[in-house]
Amino acid sequence: MKPQKSLLIKVLITQCLLVLCVAQQDFDFFYFVQQWPASYCDTRRSCCYPTTGKPDEDFSIHGLWPNYENGKWPQNCDRESSLDESKISDLISTMEKNWPSLACPSSDGVRFWSHEWLKHGTCSALGERAYFQAALDFRKKSNLLENLKNAGITPRNGEHYTLESIKKAIEEGVGHSPYIECNVDTQGNHQIYQVYLCVDKTATDFIDCPVFPHGRGCGSKIEFPPFSSDHDEF
């Protein structure tokens, strides 16, 4: 191969890598999304507990998702990537506890984590381990259940709360206003389903959300169903 041609190929490869790197970092912020397990299960879709056992009655991670300020988002930025479990081996036990899958059929969570990494993590400009560690850290930092309990908002059958009271409790604890997504239980009642908080693009701190998602809204009265021992999988 002639030196000039070899040099040209190297330049083209470098340019392609630079374009890929820019594409992976070309977003404005993250949505950090947590879900309430009882609300996931208490729908017509139902749920299946992980093979590792029933999750605790606490908010669990759904994902850490790069987003644009125009409401759109990048996804699947590296279709050749795959989850390398060896890179997160020391995080697995914590992820099983705090990032479980409730989808059917029952699983150990690996397929769920792989989906989150391929769709969102590959666009995050973070390495695989850093991506999952960041999400775990933000869950601990947000401490949603404790913040709600401090405001007298606890999981309880037949109890209803206002959207504003829920948002205020979380904002006072985290320092930034959340977006609350509701779903509907088998009786048609609105219930807390997911909580969105925003994170800066370096995955360092919570920030005020540049834009809120267009998810399922909440009614004037919202339930916070318990995920107690008598709440069976379907």
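Every value quoted in this text rests on a predicted model; they were computed, and no experiment measured them.

Caption draft 1: Fine view of the pairing of strand β1 (residues 29–35). With seven of its seven residues buried, β1 lies for the most part within the structure. Note that β1 and strand β2 (residues 60–67) share seven bridges and pair antiparallel. Looking at the pairing, Y31 lines up with W65 of β2. In terms of strand pairing, β1 meets strand β5 (residues 190–200) through seven bridges, oriented antiparallel. Bridge pairing in β5 links V33 to Y196.

Caption draft 2: Helix α7 (residues 163–174), seen in detail. In a regular helix each residue adds 1.5 Å, so 12 residues correspond to 16 Å; α7 covers 17 Å between its end C-alpha atoms and thus fits that length. If you check which residues of α7 are buried, you get I166, A169, I170 and V174. The arc that holds the buried residues of α7, viewed along the axis, is 115 degrees, so those residues lie on one side. More than 90 degrees from the buried face of α7, the exposed residues found are E164, K168 and E172.

Caption draft 3: Structural context of the packing of aromatic side chains. Under the counting rule described, the total for this entry stands at 16 aromatic pairs. Here Y49 and F227 contribute two aromatic rings whose centre-to-centre distance is 5.9 Å and whose plane-to-plane angle is 85 degrees, an arrangement assigned as edge-to-face. Of the two residues, Y49 is situated in the loop between α2 (37–41) and β2 and F227 in the segment after β7 (222–223); the sequence distance between them amounts to 178 residues. This pair shows no difference in class: Y49 is buried, exactly as F227 is. Members of the aromatic cluster, each reached through a chain of ring pairs, are F29, Y31, W65, Y179, Y196 and F212. The ring of F227 is capped by K54, whose NZ or CZ atom sits 4.6 Å from the centre of that ring.

Caption draft 4: Expanded view of the state of the cysteines. Throughout the structure, instances matching the rule amount to five disulfides. Covalently, C41 is tied to C47 through a disulfide, its sulfur atoms 2.0 Å apart. For the disulfide bridge between C41 and C47, the dihedral angle about the S-S bond is near 95 degrees, and by the sign convention the bridge is right-handed. For the pair C41 and C47, one class covers both residues: buried. Sequence-ordered numbering of the bonded cysteines in the chain yields a pairing of 1-2, 3-5, 4-6, 7-10, 8-9.

Caption draft 5: The nonpolar core, seen in detail. Counting residues in hydrophobic clusters, the biggest one holds 50 residues, and the most contacted among them are F59, W99, W113, F132, I166, I170 and F224. By residue number, the principal contributor to this core is helix α5 (residues 128–142), which donates six residues. When neighbours within four sequence positions are excluded, I166 is seen to be in contact with L148, I153, Y161, I180, I192 and I222. Core analysis: the next-biggest nonpolar cluster, separate from the first, contains eight residues, V33, W65, Y179 and C198 among them.

Reading the values: the criteria
- Residues numbered from 1 in each chain as written.
- Predicted model: local features only at pLDDT ≥ 70, side-chain atom pairs only at ≥ 80, totals over all residues.
- Heavy atoms only, no water.
- Buried < 20%, exposed > 50% of the residue type's maximum accessible area, 1.4 Å probe, protein only.
- Helix = DSSP H or I, 4+ residues; strand = E, 2+ residues; numbered from the N terminus.
- Pairing = 2+ DSSP bridges.
- Expected span 1.5 Å × (residues − 1).
- Arc of directions from axis to C-beta.
- Phe/Tyr/Trp six-rings, centres within 6.5 Å; stacked < 30°, edge-to-face > 60°.
- Lys NZ or Arg CZ within 6 Å of the ring centre and 35° of its normal.
- Disulfide = S-S within 2.5 Å.
- Core = buried A, V, L, I, M, F, W, Y, C linked by side-chain atoms within 4.5 Å.
- Contact = heavy atoms within 4.5 Å.

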